[in-house]
Every structure is written in C-alpha cells, then in structure tokens.
Amino acid sequence: MRTRFARFAVVAAALTCASAGAQTVQTLSLHDAEMIALQNHPRIQATQNLASAAKEQVREVRSSYFPVVYGSLTGVEAETNSRIAAGSLNNPIILDRYANGVTVGQLITDFGRTHELAKSSGFRAEAQQETVITSRADVLLQVDQAYFEVLRAQAVLQVAQQTVNARQLVADQIRTMANNQLKSDLDVSFAQVDLSQAQLLLIQAQNDLQASFAMLSTALGYPDQKTFQLSEEPLPGTPPSNLDQEINQAFQNRPELIAERLNVQSAGSFATAERDLFLPTISAVGTAGLTPFRQAGLDGRYAAAGFNVNIPIFNGGQFNARLAEAKYRAQAEQQILRDLQNRVARDVRTAWLSANSSFQRLAVTDQLLSQATQALNLAQSRYNLGLSSIVELSQAQLNLTQAQIEQASAKYDYQTQLQVLNYQTGNLR
C-alpha cells in the first residue's frame, strides 16, 4: 500500500511538471536574460530617474549665474492724505495708481561660492550616474546566479529521476528474488526504503526547480513566475591566478568606489562653498515700467537701477557651524571611502578563493562519480552473488546519487563563482 501511494505521489508530481511544461516556454540564453533584465528591471529604471534628477540639481545651482527677470502689475487705491504709519521706520505716502513693469536682477559675484556649489552638485550627479552602473551590475549578478541555479536544479532533477528509475528496478528485482525464496523480506524492506528516499529526492528537486524559476523571473523584472528553456553556457577556462591584479582592477573599476571618490570631491567643494559664506556678495537690479493710471504729479513711466553689496558681520555663529559641519562631513566621506576599499578588497579575495575552489571541485567530482559508479557495479555484483548484504548495496547507491548531484552542481557553481568574481572586480556591468 505504501509503495502504491509513493508511486502515485511521484506520478502526480511528474504530471504537475508536465502541465507546466505544456505552456508556452521561451528559449533563453544567458545574454538574452541579461538584456531583458537591463530593459525591464525596475531598480535600474529607478536609479536612472534618480540620476536624471541629480543632473537637474546641477542646473538649479547654476541658475544663479543668470539674471532673474519678472514682471509686475500693481494697482493701489488709497485714502486721501494717508500714510503707512506703523510697521516700519519710514513713513511713506500711498498714491493712487496702476502700473506695470519689468524687474531684472543679476548676481555679479559671490567670490566663488556659486562656483563651488555647482562643482559639488556636479560631482554628486556623476556619483549618481555611477550608482546606475552599480544597479546594473547588481541586477546582472542576480540574473546570472538565478540562471545557473535553474540549470543546476534541472540537472539535479534529472539525477533524481534517474535514481528513482534505478532504485525501482532494483526493488522489483529483489522482490522477485524474495518471492522465489532467494532473498529475505529484510532485503525487500531495505530496497523499498531506498526507493522512498529517491522519491523524496525527486519531489524536493521538482520543488527546487520551480523555486529557481521564481528567482529567475524576479531577477528579470517580471511580477509573476515564468518558465524558460535555458541554453547551456560553455564552461569557462581557469580562473585568474593573480589576486593582487584582481584587487587593483576592482579599485579602478568598481562603480561604488568611483561614486564614493566623487562624493569625497563633492563634500570638499561644498565645504569650500560654506567657507565662502564669510565673503560679501555683489548684485545689481534694474526696473522699468509704465503708469497709465496715476495720481497727479506722477510721471507716466519710471525706471531705476542700482547695486547692492551684502557683507556678513554677525549671525550668531551660524556660518562657523555650517563650515564645521561641512568639514566633518567631508572627513567622514574620506573614511567611508577607506572602509569601502577595505571591504572591496575583502570581497575580491573571497570571490577569488571561491572561484579557484570551485574550479578544483570540477576534477574531484568527476573522479568521485567514476569511483562511485565503479563501487556500485561491484556492490551490485557482490550482492547478486550473495557475497554482501543489502546494506552495502544501499550505501553504494547512496554514494552514486550524491556523486551525481555533486558533479551536476560543480559545473554551475564554478560558472556562478566566476560571475561573482567579475562583479567584485567591476567587470560585470
């Protein structure tokens, strides 16, 4: 009864996968997957919008270089012989009138403050553009990892299906021999346990495959899960041998480091701009217009021009505090850069070690599979001749299954680790 139920569970799981495969399946290569993600992923689109917003901030700061022009329409009806008597030191008369005109204001110089602010915002905009490259690299790494994870899950599923078929055959043979009084019921029980374990492995492999497709769909920027027919990628050659060269390349290419260096320059320029707050500003203003309706004694048109010099004298230490704050923030950015460099060096070293370790696993897993296959053949022959117990045969079957899974995983693990190393050195973008 348990055997029939287990078989039914395996058949039901297989039918579920078959119905999923009956849907339209898109053939996808790794390059195609990366291109889809770059065009479709919301994180990339969000950082591109933030980069565009940062460019507009540069225009906002640079607008101080240009004149400010605005028009005015003013109409006044005043009580006879009235003056503004409260709220100010002067005592101006109010005249009935309607007038329109244009006023032009122009900053002549603030002794470099606007220039430094423009430099600071320009560096920030460039840093934000590097953030776009960082987002692209993050998305590409997620796509590559999910892509090879799907291939690994498919390979493990194939191993699981082969294991079920092989152990089903052994279980049937042992049951037949037991019916002929050639094997004991204990051997039948051991064979059934091995078959059930293989069926559990198959169910888990099917679940892992669907979970891998979910990860790949999210990495591609899709809101729902999609199933793809993935193309195999050629196995790369040996990993890079010079670790120091990889670290130096990461220092030059990693967009996070480039962005942080720009942030350091931006903070330095902003500190200089805050220092320039102590300097005066010189500006000019001119206005002209017409007064078509006016009180007697006023001319029909008006015009005036002048300049203004603002010299900071005392504001409660605000400028001193702003300058000190800007300097501390600039120093903090320098320390953040140092910390980021240390972490990048650590990540490159870790990725380099993992890539080399994964490459070494390729040969070892091939050898392991060959030895496990040979051991199973010998164990099967010894068991058929009555020279060993079912325990030895079961262990040999288990070893072969583990060796097949290790070999299937080693190839895709190595490809994944190489992509991680490319990401850490700044070559994935």
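Below is a short write-up of the structure. (Residues numbered from 1 in each chain as written. Predicted model: local features only at pLDDT ≥ 70, side-chain atom pairs only at ≥ 80, totals over all residues. Heavy atoms only, no water.)

1. A word on the overall build of the protein
Of the regular secondary structure elements, the protein holds nine helices and six strands. The globule rule puts the C-alpha radius of gyration for 429 residues at 22 Å, and the 38 Å found for the protein is more than 25% above it. Once the C-alpha set of the protein is aligned to its principal axes, its extents read approximately 130 × 50 × 35 Å. Looking at the protein alone, contacts between residues at least 24 apart form 82% of all its contacts between residues at least 6 apart. Counting every atom, the protein has about 24,600 Å² of accessible surface; 55% of that belongs to carbon and sulfur. Side chains of the protein give 34 positive and 37 negative charges; the mean places of these two sets differ by 2 Å. (Helix = DSSP H or I, 4+ residues; strand = E, 2+ residues; numbered from the N terminus. Rg over C-alpha atoms; globule rule 2.2 N^0.38 Å. Contact = heavy atoms within 4.5 Å. Areas by Shrake-Rupley, 256 points an atom, 1.4 Å probe, with all protein chains shown as cover. Lys, Arg positive; Asp, Glu negative; His and termini not counted. Charge placed at Lys NZ, Arg CZ, Asp CG, Glu CD.)

2. A look at the pairing of strand E6 (residues 301-310)
Note that strand E5 (residues 281-294) and E6 share ten bridges and pair antiparallel. Across the sheet, residue serine 283 finds its bridge partner in E6, namely asparagine 308. (Pairing = 2+ DSSP bridges.)

3. Some details on helix H6 (residues 243-253)
Looking at H6, one finds that the buried residues are Leu243, Glu246, Ile247 and Ala250. The arc that holds the buried residues of H6, viewed along the axis, is 100 degrees, so those residues lie on one side. Facing away from the buried side of H6 by more than 90 degrees, the exposed set consists of Asp244 and Gln252. As for H6, its buried residues are in contact with helix H7 (255-275), helix H8 (318-384) and helix H9 (390-424). (Buried < 20%, exposed > 50% of the residue type's maximum accessible area, 1.4 Å probe, protein only. Arc of directions from axis to C-beta.)

4. With respect to the packing of H8 against H9
For the pair H8 and H9, the least separation of the axes is 7 Å and the interaxial angle reads 160 degrees. Judged by the angle between their axes, H8 and H9 are roughly antiparallel. The element H8 and its partner H9 pack so that their crossing is left-handed. Tallied by class, residues from the contact of H8 with H9 come to 24 nonpolar, eleven polar and eight charged. (Axes fitted to C-alpha atoms, helices over the stretch in contact; angles between N-to-C directions. Parallel < 35°, antiparallel > 145°, perpendicular 65-115°, else oblique. Left-handed = near helix turned anticlockwise from the far one by under 90°. Nonpolar A, V, L, I, M, F, W, Y, C, P; charged D, E, K, R; others polar.)

5. Quick look at a nonpolar patch on the surface
A surface patch of nonpolar side chains, amounting to about 670 Å² of accessible area, comprises Phe307, Val309, Ile311, Ile313 and Phe314. Relative to the helices and strands, isoleucine 313 is located in the loop between E6 and H8. For isoleucine 313, a relative accessible area of 81% translates into the label exposed. (Patch = residues over 30% accessible without salt bridge, like charges linked within 9 Å, V, L, I, M, F, W, Y side chains within 5 Å. Salt bridge = Lys/Arg side-chain N within 4 Å of Asp/Glu carboxyl O.)

6. Re unusual backbone geometry
Negative phi characterises most residues that are not glycine, and trans characterises most peptide bonds. Look at phenylalanine 111: it is not a glycine, yet its phi comes out positive at around 60 degrees. Within the fold, phenylalanine 111 resides in the loop between strand E3 (97-109) and helix H4 (113-179).

7. Overview of the environment of glycine 286
In this fold, glycine 286 is placed in strand E5. Excluding anything up to four places from it in sequence, glycine 286 contacts Val102, Thr103, Val104, Ala304 and Ala305.

8. Quick look at the pairing of E3
Sheet topology note: the strand E2 (residues 68-76)/E3 ladder contains nine bridges and is antiparallel. Bridge pairing in E3 links serine 72 to glycine 101. Taken together, the eleven bridges between E3 and E5 define a ladder with antiparallel strand orientation. Paired with glycine 101 across the strands is glycine 289, a residue of E5.

9. Things to note about the packing of aromatic side chains
The full count for this structure, using the stated rule, is four aromatic pairs. Between phenylalanine 278 and phenylalanine 319, the ring centres sit 6.0 Å apart and the planes meet at 85 degrees, which makes this aromatic pair edge-to-face. Of this pair, phenylalanine 278 sits in the loop between H7 and E5 while phenylalanine 319 sits in helix H8; the two residues are 41 residues apart in sequence, bridging distant segments of the chain. Since its relative accessible area comes to 16%, phenylalanine 319 is described here as buried. Taking 5.4 Å as the distance between ring centres and 50 degrees as the angle between the ring planes, the aromatic pair formed by phenylalanine 359 and tyrosine 414 counts as tilted. Here phenylalanine 359, found in helix H8, pairs with tyrosine 414, found in helix H9; they are 55 residues apart in sequence, far enough to count as distant. When its relative accessible area of 0% is taken as the criterion, tyrosine 414 is described as buried. Its end group placed over the ring of tyrosine 383, lysine 183 keeps NZ or CZ at 3.9 Å from the ring centre. Above the ring of tyrosine 222, the side-chain terminus of lysine 226 is found at 5.1 Å from the ring centroid. (Phe/Tyr/Trp six-rings, centres within 6.5 Å; stacked < 30°, edge-to-face > 60°. Lys NZ or Arg CZ within 6 Å of the ring centre and 35° of its normal.)

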